[in-house]
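Residues per chain are reported as follows:
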Amino acid sequence: MAEKICVAVRVRPSISEESPSGTFWKIEDNRISLHKLHGTPISGLSYAFDHVFDESCSNSKVYELLTKDVIHAAVDGFNGTAFAYGQTSSGKTYTMNGSLNDPGIIHRAVNDVFQKIQMISDREFLIRVSYMEIYNEEINDLFTVENQKLPIHESLERGIFVAGLREEIVNNAEQVIKLLESGEVNRHFGETNMNARSSRSHTIFRMVIESKGIDTGSGDYSSSDAIRVSILNLVDLAGSERIAKTGAGGVRLKEGKYINKSLMVLGNVINKLSNGAKQRVHIPYRDSKLTRILQTALGGNAKTSIICTVAPEEVHVEETKGTLQFASRAKRITNCAQVNEILTDAALLKRQQLEIEDLRRKLQGSRSEVMEQEILKLRNDMLKYELEREKLEMELEEERRSHKEREQRIRDQQLKIENLSSLVSDGDRSSSQDSMKESLKDECNDFKTPCFKETSNNAFVAKRSNYSELPDFSPLPDSFSNVADEDTWFKMNKGYIADLDALQTTPARKVQSFPPQDITPDCSNDNYKLELQNLKTQLELVIKEKVELQRKHEEEVQINSRLMGEICELKQELDLSNNSSESSKQRYGNLETEFQKLKEERDSLLQTVSESSKNITFLTDQKENILKDLNCEVQRRKDLEVEIKQFSVAFASRQRSLASIHGEFKSKIEKLRAENLVRY
Ligand code: ADP
Ligand code: MG
C-alpha cells in the first residue's frame, strides 16, 4: 500500500543568551512559522508536518510518535529507515544517540526490537547488526578499523550491499549497545578533529531482522518455508549547512567551498522523488554512496521517517528555512512497503538454521546460558567465515579480470607489432605505393579504439552503464570529491558526465599520425626512404614499448602469483578456521557427552540421596518411638520409686505402731503375769 514518508521537525533548545531582535519561529500543533517579533507571521514561511516537536520535547516522545511504528513494522518484515537531517549542532546526534538520561532513537529502537521479539512466541528471529560511516565518499566499517573504503556491490540474491562490511549476530540489546560503543571508539581512533569529521560524515546503523515461523508440529524445518528479511537503517546524516554561501560571520568564504556529495545527491533524489512518481524521471541514486545504500528506503519498499532538526536562533534562520524546505519536499514522497518474504538461501537464517537446530536438539531443551553463548559464538564464526569467503571470491574475481585484460592488451600489442613488421618487410620488397598507402591507412585505423574520437594523450573513455538512464544531474567528478567550487559544479551539471560507478577507464595509448598527404603516388625514392626510416624508428619505438610492456607483464605476473599465493594462504587460513569450527563443534559434542554423563551421575546421586533420606526418616521415627518408650519407663520407675517410698514410710509407721502394740502387749502380759503371781 502506498504511503507517504513520515516527516517531523524538531527544534532544539536555544543555546544563545540573546533574545531575538527581528523574527522568531513559532510552533502551533504540527505547524512551524516564522513570525515578526511583535507581530504577524511572515507569509510564505509557514510549514506543516506530521509532527513539530518544540524545545521541551524529549527523545522518548519523538520515538513514540515518529519512529516506533517503523521499528515495529521492521520486526514484522517491512524495511524501515529513520533519518536525522539538519545543520550541524541542530540536534541530529542528540536525537539519534540521546543522552544518559534520555536515550536516543537508536537505543530505544534496539530495546524495542528485542522486547517485541520476546513477545512473539510463534516465530524465531535472527538479528545481525552493522555500523558504517560514509566520509569523503568512502565507506568505513565502524565495527573494525581494518575495513576501510569498502565497495558497494549488487547481486540478485542480496540486492545492493556493502561488500566486506562486518556484521555481528546479536541476541540481546546489551550486546548491541556495547558494539555501538566500540564503534564510536573506532570512529575516534586517530582523529584529531572529531567535530569536523562528525559534521561531514554520515553514519548508518543497520539491523537485519530475519524471522521464520516455528514449526510446532514435528519440529522438522522444511526447506520451503518462507523467511522474512527486513532491513532497518538508522541514519545520522552529515550537517546540511552550505558553508559555501556565507561563513559564520556572514562573510563569503574565499577558500574552496565544501560540498558533501552524498548529501547533495540526497537532496536531488528527494527533489526528483517529490515531483511525483508519475513523471517517471530518472532518479540519480547511483550518483552517491549514501543514496545507493538507501535506495529502497527512499523510493520503494520501505517505511521511512525523517526527523529534521533545526536551531531556533536568529542567526540560523536561513539554514532553518533550507531544512524546512527539504522537509516539505520529503513530505511529498510516497513509498510502497511490503513484507519481504524470500525462499532462497540468501537468508542467513535459513543457511544456519539446520545446523543450529541440530545443536539445539542436542541440547534437549536445556537452555543453560553457557550453551546459548556457545551457540551465539558459533553463529558469529559461521557468519565471519561467510564474509571472508565472499571477500576472497571478490578479490579472486577482480584478479582474474585484470589478468585477462592484461593478457588481451599484450596480445593486441603483439598483433600490431607483427602487422607492422610484415608491413615494413613488404615495403622493402615491393615498390607498390598504392598498397603501401592502403596498408598505412588500415594501420592508422588499427591504432584507434572505437571510443577514441580525436584522442589525445591521457584521455579516458567514459561509458554509461547499460541499465542506468541518461541523468539530469550528474555526480561530482573525483577531482572535486570534497572541495569544489559550487558555481563550477552547477555549471558542469548542465553538461553530461557519466555515471561514476559505470565509469571505465582505458589506459592512454599513443596514436600514430600518418597524414595521408605524406604519401602520394608520385613521391620520390628519397621520400620513400625517409618514410621507411620513419617506419623503422617507429618499429623500434614499438618494439621498445613491447619490451617495456613485457617487462610490466612479467612484473604483473609476479604480483599475480604473489597475490595468488596470498589468496592460497588466506584459503588455508579459512580452512584452518573451518577446522577450528569443526574442532569447536567436536568440543561442543564432547562437552555435551560430559554434560550427559554428569546428568546421569547427578540422577543416580539424587536417587541415593533420596533413599538415604528415607532411611533417615525411618530411623528418626524409630528413635523417637524408643525415646518415647524410654520416657514412659523412666516415668514408671519414678512412680514406682515414689510408691516404694510411700510404702516404706507406711511400713515404718506400721512397724512403729506394731512395736508400740507389741510393747503395750508385753507390758499388759507383764502386768497380767504380775497380777497372776499376786493371786497365786
Ligand atoms: P548535530 O548532531 O546536529 O551536529 P548535536 O546533536 O551534537 O547536533 O547537538 C548540539 C548540541 O545541542 C549538543 O550539545 C546537544 O547535547 C544539544 N542538544 C541538541 N538537541 C537537544 C535537545 N533536544 N535537548 C537538549 N539538548 C540538545
Ligand atoms: Mg552530530
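Note that the structure is predicted; figures quoted are calculated from it, not measured. (Residues numbered from 1 in each chain as written. Chains lettered and ligands numbered in written order. Predicted model: local features only at pLDDT ≥ 70, side-chain atom pairs only at ≥ 80, totals over all residues. Heavy atoms only, no water.)

When helices and strands are counted, the protein chain shows 14 helices and 17 strands. A burial count over the protein chain gives 39% of its 680 residues as buried. Once local pairs closer than 6 in sequence are excluded, the contacts in the protein chain between residues at least 24 apart make up 75%. A total accessible area of about 40,300 Å² is found for the protein chain, and carbon and sulfur atoms account for 53% of it. (Helix = DSSP H or I, 4+ residues; strand = E, 2+ residues; numbered from the N terminus. Buried < 20%, exposed > 50% of the residue type's maximum accessible area, 1.4 Å probe, protein only. Contact = heavy atoms within 4.5 Å. Areas by Shrake-Rupley, 256 points an atom, 1.4 Å probe, with all protein chains shown as cover.)

Moving on: the site of ligand 1. The immediate surroundings of ligand 1 are formed by Arg 10, Arg 12, Pro 13, Gln 87, Thr 88, Ser 89, Ser 90, Gly 91, Lys 92, Thr 93 and Tyr 94. For ligand 1, an oxygen atom lies 3.0 Å from a polar atom in the backbone of Gly 91. With the chains in place, 67% of the 560 Å² that ligand 1 exposes on its own is no longer accessible. Counting residues per element, the shell around ligand 1 draws most heavily on helix H2 (residues 92-97), which supplies three residues. A per-class count over the shell around ligand 1 returns two nonpolar, six polar and three charged. (Near = heavy atom within 4 Å. Polar contact = N/O pair within 3.5 Å; in protein donor to acceptor, adjacent residues only side chain to side chain. Nonpolar A, V, L, I, M, F, W, Y, C, P; charged D, E, K, R; others polar.)

On the surface, Glu 388, Glu 395, Glu 566, Glu 569 and Glu 573 cluster together into a negatively charged patch. Take the negative patch: its biggest share by element is three residues, from helix H14 (residues 525-679). By the secondary structure assignment, Glu 388 is in helix H11 (residues 369-429). Glu 388 sits in the partly exposed class, given a relative accessible area of 35%. (Patch = residues over 30% accessible without salt bridge, like charges linked within 9 Å, V, L, I, M, F, W, Y side chains within 5 Å. Salt bridge = Lys/Arg side-chain N within 4 Å of Asp/Glu carboxyl O. Lys, Arg positive; Asp, Glu negative; His and termini not counted. Charge placed at Lys NZ, Arg CZ, Asp CG, Glu CD.)

This part is about the UniProt feature "coiled-coil region" (unreviewed entry) in the protein chain. Per the UniProt annotation, the sites labelled "coiled-coil region" (unreviewed entry) are residues 349-416, 525-552 and 581-615. The span residues 581-615 is 100% helical and 0% strand by assignment, and the distance between its end C-alpha atoms comes to 50 Å. (UniProt positions renumbered as here; feature names shortened; annotations may be inferred.)

Further remarks concern the nonpolar core. The nonpolar side chains of a soluble globular protein tend to be buried with one another. Ranked by internal contacts, the top residues of the largest apolar core, which has 46 residues, are Ile 32, Phe 49, Leu 266, Ile 293 and Leu 298. One finds Ala 8, Phe 53, Ala 82 and Leu 180 within the second-largest nonpolar core, a separate group that totals 38 residues. (Core = buried A, V, L, I, M, F, W, Y, C linked by side-chain atoms within 4.5 Å.)

To continue, consider the pattern of salt bridges. Opposite charge on two side chains allows them to pair when their charged atoms are near. Scanning all chains against the criterion turns up 23 salt bridges. Residues Glu 548 and Arg 551 are paired through a salt bridge, measuring 2.8 Å at the closest nitrogen-oxygen approach. Residue Glu 548 and its partner Arg 551 are both found in helix H14; the two are separated by three residues, about one turn of the helix. Connected through salt bridges with shared partners, the residues Arg 128, Glu 167 and Glu 210 form a single ionic network.

Okay, the UniProt feature "binding site: ATP" (unreviewed entry) in the protein chain next. Mapped onto this numbering, the UniProt entry annotates "binding site: ATP" (unreviewed entry) at Gly 86, Gln 87, Thr 88, Ser 89, Ser 90, Gly 91, Lys 92 and Thr 93. Here Gly 91 is to be found in the loop between strand E7 (80-86) and H2. Since its relative accessible area comes to 17%, Gly 91 is described here as buried. As for its placement among the helices and strands, Lys 92 is situated in helix H2. Those residues within four positions of Lys 92 in sequence are excluded, and the remaining contacts are Ala 84, Tyr 85, Gly 86, Gln 87, Asp 236, Leu 237, Ala 238, Gly 239 and Thr 309.

So, about the packing of helix H6 (residues 261-274) against helix H9 (residues 317-331). Where H6 meets H9, the closest approach of the two axes is 8 Å, and the angle between their N-to-C directions is 45 degrees. Considered as vectors, H6 and H9 are oriented oblique to each other. By crossing handedness, the relation of H6 to H9 is classed as left-handed. Contacts between H6 and H9 involve Leu 266, Gly 267, Ile 270, Asn 271 and Ser 274 from the first element and Phe 326, Arg 329 and Ala 330 from the second. Residues belonging to the contact of H6 with H9 are distributed by class as follows: four nonpolar, three polar and one charged. (Axes fitted to C-alpha atoms, helices over the stretch in contact; angles between N-to-C directions. Parallel < 35°, antiparallel > 145°, perpendicular 65-115°, else oblique. Left-handed = near helix turned anticlockwise from the far one by under 90°.)

Hydrogen bonds between backbone groups are what pair the strands of a sheet, and the pairing can be parallel or antiparallel. With respect to topology, three strands assemble into an open sheet ordered E3-E4-E5, the strand pairing being antiparallel. With one partner strand each, in any of the chains shown, strand E3 (23-28) and strand E5 (41-48) form the two edges of the open sheet. Direction aside, neighbouring strands of the sheet carry axes that sit 25 degrees apart on average. Where strand E4 (residues 31-36) meets E5, four bridges bridge the pair, whose relative direction is antiparallel. Its bridge partner being in E5, Arg 31 is matched across the sheet by Ala 48. (Pairing = 2+ DSSP bridges.)

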